[in-house]
Amino acid sequence: MQRNQPAPLLEVDNLHCHFFTLDGVVRAVDGVSFSLQRGETLGIVGESGCGKSVTAMSILRLLPKGLGRIVDGSVKLEGRELTTLGDADMRSMRGHQVSMIFQEPMTSLNPVLTVGLQIAENVERHLNVGRKAAMERAVEMLRLVKIPDAERRVNDYPHQFSGGMRQRVMIAIALSCNPQVLIADEPTTALDVTIQAQILDLMLELKQKLNTAIIMITHDLGVIAETAQRVLVMYAGRKVEEAPVVELFQRPLHPYTQGLMRARPRLDVEAEEQGRRPRLQEIQGMVPALNRPILGCAFAPRCGYATDRCRSEAPGLTEPVPGHLVACWEATKIAGMGHA
Amino acid sequence: MIAYITRRLLATVPVMLTVGVFVFFLLRIAPGDPAAIIAGDNATSQDIENIRGKLGLDRPMIEQFVHWSWRLLQGDLGISIFSNLPVTTLIAQRMEPTIALTISTLMVAVALAIPMGVLAAWKARTLVDRLVMGFAVLGFAVPVFVAGYVLIYIFSVQLGWLPVQGYRPIGEGFWPFAQSLVLPSIALGTTYCALIARITRASMLEVLSQDYIRTAESKGLAQRRVLLLHALKNAAVPIVTVIGIGIALLISGVVITETVFNIPGLGRLTVDAVLKRDYPIVQGLILVFAFAKVLVNLTVDVSYAFLDPRIRY
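Because the structure is a prediction, the values reported are computed rather than measured.

Looking at helix α5 (residues 87-122) of chain B
Right, on to step 1. If you check α5 of chain B, its first and last C-alpha atoms are 50 Å apart, about what 36 residues at 1.5 Å a residue would give, namely 52 Å.
Right, on to step 2. At Met95 of chain B, α5 of chain B shows its maximal kink, close to 40°; a proline, Pro97 of chain B, follows between one and four residues later.

See below:
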């Protein structure tokens, strides 16, 4: 077998996804690679439009038909290539080995079908059981996600549940067939803060119980800090940094990651007492348009450290610290300056 | 739900009353005099006056109305001016062909339109979609009588597969009955089918872009189940609405279709009665059509509650 690392459960290699629009080809994901171990939680962060959701969608091949397509790269689940899998095989994999929960709990459930049916149909489809057993499983799943009075509530419709409850139902659907990988695309973004915490706790608890690996996609570094073991930072469709979570928070190497960290709101008690509240730090500039080829480093126009080389030549990934990957020409220098 | 249906049924009474008032007075305001038609071309004005007196048409309009309404409440639609038969009998005699034609048209149109619309939405912007929408435009553009004569020419005159005209009651056997309905149903149903197909496509297209369809796809469900359960059930409310509205369209189409195919139904009865100013028949027919429409609307409204759990009465 392998050296000391076990074979990864999911392996994404050099993934390219393009959207074919009237404004030209949009390179939404431009050469992203990562791997996921069994039972691990991998966080993917980045701002809106950086390609994190598209990356997730392409694992399940759920990109909008006729618009977006995987043009290059490979996605392997337990060594099995998914990008070239037949439609029928792909369908029997979705919701079974790999399942997904989405950002919008209010609209992600079908309003005209009972939540019980929406859980049970997944079970019926993949676990080869009858309707009755599937419905029993649905009740069991509702209990697992801590919906009170589950026996009665299986027959309710989504509009009878609150946003947080609906996200619990989504989790119940996603976990109903004991998937190996759960892709959570901004699962708590649309919820208010107390509910966010509950949902994250629930996901972590169930992950322990079922040993599911999670890909947690978010723009919220707080969510990453609470859930992930390893973090991947994306910018303009590319991976710019990857590190274990503690390492990333202690020593962000990419200027973009540093910008993200600085942009987090913090409570500065001392300043607060003196009656001045520090302004949130923003990252200057805008995300580049992805429908034109990007020369050099995509972050260069917004980066304070950018040199002529950054603007003309795209940096490859380097590993200045073991286990910590970064795509930046100036990374060592920045790290040296930041932590000298 | 039962209470709702009862309430709606009771509400039909004022509706029918309003329809009755309008029908009665509009007919009498419209030009044309049944007495003159009965009397014929050579009659003197005295003859016409006599006939008017006999029919009660010389009375004040209000008096005629009160008289008619009173009889109506007892279930009596009056006597035909020309045939001297009770209007209820005449309508009952002509009911079967029209009901048969309407139902078969409805079934054929819905059975074709919904799959076509779903297919067009699923395969949006492809050749299949363009073909279906092309048919829909054509179906809209070709009038019932043109479609009728073209169908008769091809399938009855040239190929000899189906009867040219006429209607065979179901009592004479199902096969001849069905054969006599094929061409009229197609002729009458084309516009209707085009309408439903278009709405189905539009409604499905909107639903297919919803988040819950992506969820259904992420469960790896069969394409059929995603389209026909997850999407179509959500798209159903506008479709059912248009099916209901289309029944009004069918009722007017029935008049032309029955004339083209020489079917002795309510449509033909309507045309004949209007041309002769046979007031009692026209009044009776319009009330029957209005009642049918009210029932259809009620059925449509009740079906919403079954299709969408968020709708409750």
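Here we look at the sheet that holds strand β2 (residues 24-36) of chain A
Residues and elements named next belong to chain A.
Right, on to step 1. In space, the four strands of this open sheet follow the order β2-β1-β4-β5, with antiparallel pairing throughout. Where the open sheet ends on each side, the last strands, each with one partner, are β2 and β5 (80-81).
Right, on to step 2. One ladder, built from eight bridges, connects strand β1 (residues 10-21) with strand β4 (residues 68-77); its direction is antiparallel. Its bridge partner lying in β4, Phe19 is registered against Gly68.
Right, on to step 3. Helix α1 (residues 52-59) contacts β1, β2 and β4 of the sheet and is inclined by roughly 110° relative to β1.

Comments concerning the side chain of Ser104 of chain B
Right, on to step 1. Position of Ser104 of chain B among the secondary structure elements: in helix α5.
Right, on to step 2. The exposure class of Ser104 of chain B is buried, given its relative accessible area of 14%.

Considering the packing of aromatic side chains
Residues and elements named next belong to chain B.
Right, on to step 1. All told, the structure shown has 11 aromatic pairs over all chains when counted by the stated rule.
Right, on to step 2. With centroids separated by 6.1 Å and ring planes inclined at 75°, the aromatic side chains of Tyr167 and Phe177 adopt a geometry described as edge-to-face. Of this pair, Tyr167 sits in the loop between α7 (144-158) and α8 (174-208) while Phe177 sits in helix α8; the two residues are 10 residues apart in sequence, bridging distant segments of the chain.
Right, on to step 3. An aromatic cluster is defined as three or more aromatic residues linked by ring pairs; in this entry it consists of Phe24, Phe25, Phe65 and Trp68.
Right, on to step 4. The cationic tip of Lys123 hangs over the ring face of Trp122; the distance from NZ or CZ to the ring centre is 4.1 Å.
Right, on to step 5. Over the ring of Phe82 we find Lys276; its NZ or CZ atom is 5.5 Å from the centre of that ring.

Points about helix α4 (residues 61-73) of chain B
Residues and elements named next belong to chain B.
Right, on to step 1. Helix length check: α4, at 13 residues, gives a terminal C-alpha distance of 18 Å against a target of 18 Å (1.5 Å per residue), a fit within 8%.
Right, on to step 2. All of the buried residues along α4 are Gln64, Phe65 and Trp68. Down the axis of α4, the smallest arc covering the buried residues is 100°, so these residues share one side. Of the residues in α4, the exposed ones pointing more than 90 degrees away from the buried face are Ile62, Val66, His67, Trp70 and Leu73.
Right, on to step 3. Structurally, α4 contributes buried residues whose contacts are with α1 (2-29) and α12 (279-307).
Right, on to step 4. After α4 finishes, the residue Gly75 shows a positive phi value of roughly 85°.

Conventions used here
- Residues numbered from 1 in each chain as written.
- Chains lettered and ligands numbered in written order.
- Predicted model: local features only at pLDDT ≥ 70, side-chain atom pairs only at ≥ 80, totals over all residues.
- Heavy atoms only, no water.
- Helix = DSSP H or I, 4+ residues; strand = E, 2+ residues; numbered from the N terminus.
- Expected span 1.5 Å × (residues − 1).
- Bend = angle between axes of the 7 residues up to and from the residue.
- Pairing = 2+ DSSP bridges.
- Contact = heavy atoms within 4.5 Å.
- Axes fitted to C-alpha atoms, helices over the stretch in contact; angles between N-to-C directions.
- Buried < 20%, exposed > 50% of the residue type's maximum accessible area, 1.4 Å probe, protein only.
- Phe/Tyr/Trp six-rings, centres within 6.5 Å; stacked < 30°, edge-to-face > 60°.
- Lys NZ or Arg CZ within 6 Å of the ring centre and 35° of its normal.
- Arc of directions from axis to C-beta.

So, to be careful, I would describe these as geometric facts and stop short of saying anything about function.
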